[in-house]
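# Analysis of the macromolecular model
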Amino acid sequence: MPVQRTLSIIKPDAVGKNVIGDIIRRFEENGLSVIGTRMTHLSAAEAGRFYAVHEGRPFYNDLCAFMSSGPILAMVLEGQNAVVLNRQLMGATNPKEAEPGTIRADHADSIDANAVHGSDSEENAAIEIAFFFSDLDLQSRG
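Residues numbered from 1 in each chain as written. Predicted model: local features only at pLDDT ≥ 70, side-chain atom pairs only at ≥ 80, totals over all residues. Heavy atoms only, no water.

Here the focus is the overall build of the protein. What the protein contains, in helices and strands, is 7 helices and 4 strands. What you see in the protein, going N to C, is helices and strands ordered as β-α-α-β-α-α-β-α-α-β-α. For 142 residues, the compact-globule formula gives about 14 Å, and the C-alpha radius of gyration of the protein, at 14 Å, lands near that figure. Expressed as a percentage of the 142 residues in the protein, the buried residues total 49%. For the protein, restricting intrachain contacts to residue pairs at least 6 apart in sequence, the fraction spanning at least 24 positions comes to 79%. (Helix = DSSP H or I, 4+ residues; strand = E, 2+ residues; numbered from the N terminus. Rg over C-alpha atoms; globule rule 2.2 N^0.38 Å. Buried < 20%, exposed > 50% of the residue type's maximum accessible area, 1.4 Å probe, protein only. Contact = heavy atoms within 4.5 Å.)

This part covers the sheet that holds strand S2 (residues 33-40). Neighbouring strands of a sheet are bound in pairs by backbone hydrogen bonds; such pairs are parallel or else antiparallel. In space, the 4 strands of this open sheet follow the order S2-S3-S1-S4, with antiparallel pairing throughout. Edge positions in the sheet fall to S2 and strand S4 (116-118), since each of these pairs with one other strand and no more. Ignoring strand direction, the axes of neighbouring strands in this sheet form an average angle of 20°. One ladder, built from 8 bridges, connects strand S1 (residues 3-10) with strand S3 (residues 72-80); its direction is antiparallel. Bridging across to S3, Gln4 finds its partner in Gly79. Taken strand by strand, helix H5 (residues 82-90) contacts S1, S3 and S4, and its axis lies near 35° from that of S1. (Pairing = 2+ DSSP bridges. Axes fitted to C-alpha atoms, helices over the stretch in contact; angles between N-to-C directions.)

Every α-helix carries 3.6 residues per turn, so stepping three or four residues along brings you back to the same face. Those residues of helix H2 (residues 20-29) that fall on the buried side of the exposure criterion are Ile23, Ile24, Arg26 and Phe27. For H2, the buried positions fall inside an angular range of 155° around the axis, keeping them on one side. Following H2 by one or two positions, Gly31 has its phi on the positive side, about 90°. (Arc of directions from axis to C-beta.)

Summarising the element assignment, Glu128 is placed in helix H7 (residues 122-132). Of the side chains with opposite charge, Arg87 comes closest to the buried, unpaired Glu128, at an N-O distance of 7.4 Å. Of note is the side chain of Glu128, whose polar atom sits 3.0 Å from the side chain of His117. (Lys, Arg positive; Asp, Glu negative; His and termini not counted. Salt bridge = Lys/Arg side-chain N within 4 Å of Asp/Glu carboxyl O. Polar contact = N/O pair within 3.5 Å; in protein donor to acceptor, adjacent residues only side chain to side chain.)

Moving on: the pairing of S1. Here S1 lies mainly inside the structure; 6 of its 8 residues are buried. Alignment of S1 against S4, held across 3 bridges, turns out to be antiparallel. Paired with Ile10 across the two strands is Val116, which belongs to S4.

Another point: unusual backbone geometry. Unlike most non-glycine residues, Asn81 shows phi in positive territory, near 55°. By secondary structure assignment, the location of Asn81 is in the loop between S3 and H5. The backbone of Ala115 shows a phi angle near 75°, a positive value even though the residue is not glycine. On the secondary structure map, Ala115 appears in the loop between helix H6 (103-107) and S4. The buried category is assigned to Ala115, whose relative accessible area is 0%.

A full pass over the atoms with the stated rule returns 7 salt bridges. Measuring nitrogen to oxygen at the nearest pair gives 2.9 Å for the salt bridge that ties Glu78 to Arg5. Here Glu78 is found in strand S3, whereas its partner Arg5 is found in strand S1, with 73 residues between them in sequence. A residue is classified by how much of its surface remains accessible, and Glu78, at 13% relative accessible area, is buried. On the accessibility criterion, Arg5 (33% relative accessible area) is partly exposed. Note that Arg25 and Asp22 form a salt bridge whose closest N and O atoms lie 2.4 Å from each other.

In structure tokens form, the structure reads like this:
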């Protein structure tokens, strides 16, 4: 399995619940290293640029409003098969469908306030990482 990098965002709902540490612990206990972090509060325009791929979909405006409603923690995770592993740890987008023990099953309130974001492919991970981080911000630990 290749060593990959992926973007993870702890969304405003999970930041507000003070579960950042628990979420990071889950990543680290499952072989992912946090190699960059950035706490920020996106503007609606920044959220719109980040989620531009969804522009025109019915949920786009609500998603941008939610993602700009409070601080987020963006981070880069690195490890074996990081994209898939991160998505497994997150669980299904709808927390009602998420496997017990996943981040969303334990910390998400709804399909909209679903605690975390994770890149869905290596290609999108590279684009999403570059949105928040420069190469100088990332420090491999392996």
